[in-house]
Amino acid sequence: MRRRRLRRRRPRDEAELFGAAHAFAGWSLAELARALGVEVPPDVRRAKGFAGRLLERALRAERGSRAGPDFVFPAGGVELKTLPVDARGRPLESTFVCSASLAEIAPWPESKVRAKLARVLWIPIERGVELAESRVGSPLLWSPSAAEEQALAADYEAHAELIALGYTASISGHRGRFLQLRPKSKLGAARRPDPEGGLVLGPRRAFYLRASFTARIIARHYIVPPAGEP
DNA sequence: ATCTGATCATAC
DNA sequence: GTATGATCAGAT
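Within every chain, residues take consecutive numbers counted from 1 along the sequence as written. Chains and ligands are labelled by the order in which they are written, letters from A for the one and numbers from 1 for the other. In keeping with the model being predicted, local features are shown solely for residues with a pLDDT of at least 70 and side-chain atom pairs are shown and tallied solely at 80 or more, while totals for entire chains, interfaces and linings include all residues. With hydrogens and water excluded, all non-hydrogen atoms of the structure serve as input to the side-chain values.

Around DNA strand B, 17 residues are found, and the nearest of them are Arg46, Lys48, Gly173, Gln180 and Arg210. Residues are counted as near a molecule or strand when any one of their heavy atoms sits within 4 Å of it. For DNA strand B, the backbone makes up 65% of the atoms found within 4 Å of the protein, where backbone means sugar plus phosphate. Between DNA strand B and Arg46, the relevant distance is 3.2 Å, taken from a phosphate oxygen to a side-chain nitrogen or oxygen of the residue. Lys48 has a polar side-chain atom sitting 2.6 Å from a base oxygen of DNA strand B. Every helix listed is a DSSP run of H or I at least four residues long, and every strand listed is a run of E at least two residues long, numbered separately from the N terminus. Here the surface near DNA strand B takes three residues from strand 7 (residues 179-183), the largest share from any one element. Definition of a polar contact: a pair of N or O atoms within 3.5 Å, with one able to donate and the other able to accept a hydrogen when the atoms are protein atoms, and with sequence-neighbouring residues admitted only if both atoms are side-chain atoms.

Each pair of strands is called paired provided DSSP finds at least two bridges between the two strands. The antiparallel open sheet is built from three strands, whose spatial order is 3-10-7. Both outer strands of the open sheet, strand 3 (95-100) and strand 7, are each paired with one neighbouring strand and no more. Adjacent strand axes in the sheet meet at a mean angle of 30° when their direction is disregarded. By the bridge criterion, five bridges tie strand 3 to strand 10 (residues 205-209) in an arrangement that is antiparallel. Its bridge partner being in strand 10, Thr95 is matched across the sheet by Leu209. By the convention used here, residues are in contact when the closest approach between their heavy atoms is within 4.5 Å. Axis definition: a line fitted to C-alpha atoms, limited for helices to the stretch in contact. Angles are taken between N-to-C directions and run from 0 to 180 degrees. Against the sheet, helix 5 (residues 146-165) touches strand 7 and strand 10, its axis set at about 40° to strand 7.

We now examine the environment of Leu140. Along the polypeptide, Leu140 turns up in strand 6 (residues 140-142). Measuring from C-alpha to C-alpha, the distance between Leu140 and Ala118 comes to 14 Å, with 22 residues separating the pair along the chain. Those residues in contact with Leu140 that lie beyond four places of it in its chain are Phe18, Val120, Leu121, Trp122, Ile217, Ile218 and His221.

This part is about helix 2 (residues 29-36). Using a 1.4 Å probe on the protein chains alone, a residue whose accessible area is under 20% of its type maximum counts as buried, one over 50% counts as exposed, and one in between counts as partly exposed. Burial of helix 2 is extensive: six of the eight residues sit out of reach of the surface. Where helix 2 is concerned, the buried positions are Leu29, Ala30, Glu31, Leu32, Ala33 and Leu36. As for helix 2, its buried residues are in contact with helix 3 (50-58), strand 4 (120-126) and strand 5 (135-136). Two residues or fewer past helix 2, Gly37 is found with a positive phi of approximately 75°.

Counting buried positions along strand 10 yields five of five residues, so the element is predominantly enclosed. Residues Arg205, Phe207 and Leu209 of strand 10 are buried on one face, and the alternating residues Ala206 and Tyr208, pointing to the opposite face, are buried as well. Of the strand pairs in this sheet, strand 7 and strand 10 are connected by five bridges, and their pairing is antiparallel. Looking at the pairing, Gln180 lines up with Tyr208 of strand 10.

These values are about where atoms sit, not about what they do.
Encoded structure:
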């Protein structure tokens, strides 16, 4: 295993953040964890989010688990998203964006979804057989193109309309070409206020980007430096 | 092989 | 409980 060193300073702008992220391209999660002085969890099923938190620490994200973008620069916030990919660079999972309230849904221009996705640093993680063997790919600093934003907005508004009409029963992960609205808790697990002041029983929902969408974002992007195999 | 509902961990 | 970080695993 190669020796790996971390840089010390917190990035002060996008360029520094991108440079810092790029410096990790090719590292395994084991190497990154060792450099940070943390253990790689043995049980993958109990380690969801490990790669994301590891990269947050490695890149000195300010906000950690608090609300708002991971990095706040004078020029604007940047959201950090790790994206699990296979050896060919295809995303293996959908991407969580943010939770959604069925009691209240903002129009697209003021939506949390739009704010979250305005500026994203994507870091592909090429999944290894073992979690520790997974490798950090090269980063991509992204904002939605006009076409991408239009597509996301269309999906979002369709979800928002169902919510506004109270058709919560017909909300499912099947809807949305690129942006899904799916449960993030067990059915019937939560009780929350509805617009009339009563209580609505139902799962917590959240917006997710389909893998087909993130695949297009990182398509033809250089994913992970060669591992030295033929 | 892909997708949707369910699930896990941590911070506040 | 809500937010952050996501991935698991059974259904299709």
